[in-house]
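Architecture at a glance
If you want the building blocks of each chain, they are given just below.
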Amino acid sequence: MKVIYIASPYTLGDVAENVAIQIEAAHKILDMGHCPVAPLLSHYLHIHRQRPYQHWVEMDLALIPKMDIVLRLPGESKGADGEVALAQKLNIPVAFGWEELWRLL
């Protein structure tokens, strides 16, 4: 079972829709028999108690070194691009889409 981090847009566009897209991706990864890490679920933590944006970014970046693969979903996102850059720096495979993820698995 691989641990797969989902990197995708959050603040650009409709935040609720962005979270829903990541949740659907997490379910797809579960259906594939792997363990998703869906950092946008922190959206619900933020609703309960707000923290500075940078806090969430630092928390997400702390997860990347522990991942087997990073899945980059489409859409403009400085945060997701930063997550991908860190994964690449650490030689963690990055899949740019579902077909590439299947090849990596």
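For the structure itself, look to the data block above.
Residues numbered from 1 in each chain as written. Predicted model: local features only at pLDDT ≥ 70, side-chain atom pairs only at ≥ 80, totals over all residues. Heavy atoms only, no water.

Another aspect to go through is the overall build of the protein chain. Scanning the protein chain from N- to C-terminus turns up five helices and four strands. Going from the N terminus to the C terminus, the protein chain shows its helices and strands as β-α-β-α-α-β-α-β-α. Rg of the C-alpha trace for the protein chain: 13 Å, near the compact-globule value of 13 Å for 105 residues, within the 12% margin. Over its C-alpha atoms, taken along the principal directions, the protein chain stretches across nearly 35 × 30 × 25 Å. For the protein chain, the proportion of its 105 residues judged to be buried stands at 38%. Contacts spanning at least 24 positions in sequence make up 64% of the contacts within the protein chain whose residues lie at least 6 apart. (Helix = DSSP H or I, 4+ residues; strand = E, 2+ residues; numbered from the N terminus. Rg over C-alpha atoms; globule rule 2.2 N^0.38 Å. Buried < 20%, exposed > 50% of the residue type's maximum accessible area, 1.4 Å probe, protein only. Contact = heavy atoms within 4.5 Å.)

Turning next to the side chain of Glu83. Among the structural elements, Glu83 can be located in helix H4 (residues 78-89). Buried within the structure, Glu83 lacks any salt-bridge partner; Arg72 is the closest side chain of opposite charge, at an N-O distance of 6.8 Å. (Lys, Arg positive; Asp, Glu negative; His and termini not counted. Salt bridge = Lys/Arg side-chain N within 4 Å of Asp/Glu carboxyl O.)

A separate point is unusual backbone geometry. Although it is not a glycine, Asn91 adopts a positive phi angle of roughly 60°. Within the fold, Asn91 resides in the loop between H4 and strand S4 (94-95).

Taking strand neighbours across the sheet as the criterion, the four strands line up as S2-S1-S3-S4 in an open arrangement whose pairing is parallel. Looking at the sheet topology across the chains shown, the edges are occupied by strand S2 (35-37) and S4. Relative to strand S1 (residues 3-7), helix H1 (residues 15-31) is tilted by about 160°, and along the sheet it contacts S1, S2 and strand S3 (69-72). Lying on the sheet, H4 is in contact with S1, S3 and S4; it crosses S3 at an angle near 150°. (Pairing = 2+ DSSP bridges. Axes fitted to C-alpha atoms, helices over the stretch in contact; angles between N-to-C directions.)

Right, let's get into the nonpolar core. Listed in full, the twelve residues of the largest apolar core are Ile4, Ile6, Ala25, Ala26, Ile29, Met32, Ala38, Ile69, Leu71, Leu73, Ala95 and Leu101. Of all the elements in the fold, those that place two or more residues in this core are S1, H1 and S3. Counting residues per element, this core draws most heavily on H1, which supplies three residues. Discounting chain neighbours no more than four positions away, the residues touching Ile4 are Ile29, His34, Cys35, Pro36, Val37, Met67, Ile69, Leu71, Leu101 and Leu105. Residues Ala7, Val84, Ala87 and Ile92 belong to the second largest nonpolar core, which totals eleven residues. (Core = buried A, V, L, I, M, F, W, Y, C linked by side-chain atoms within 4.5 Å.)

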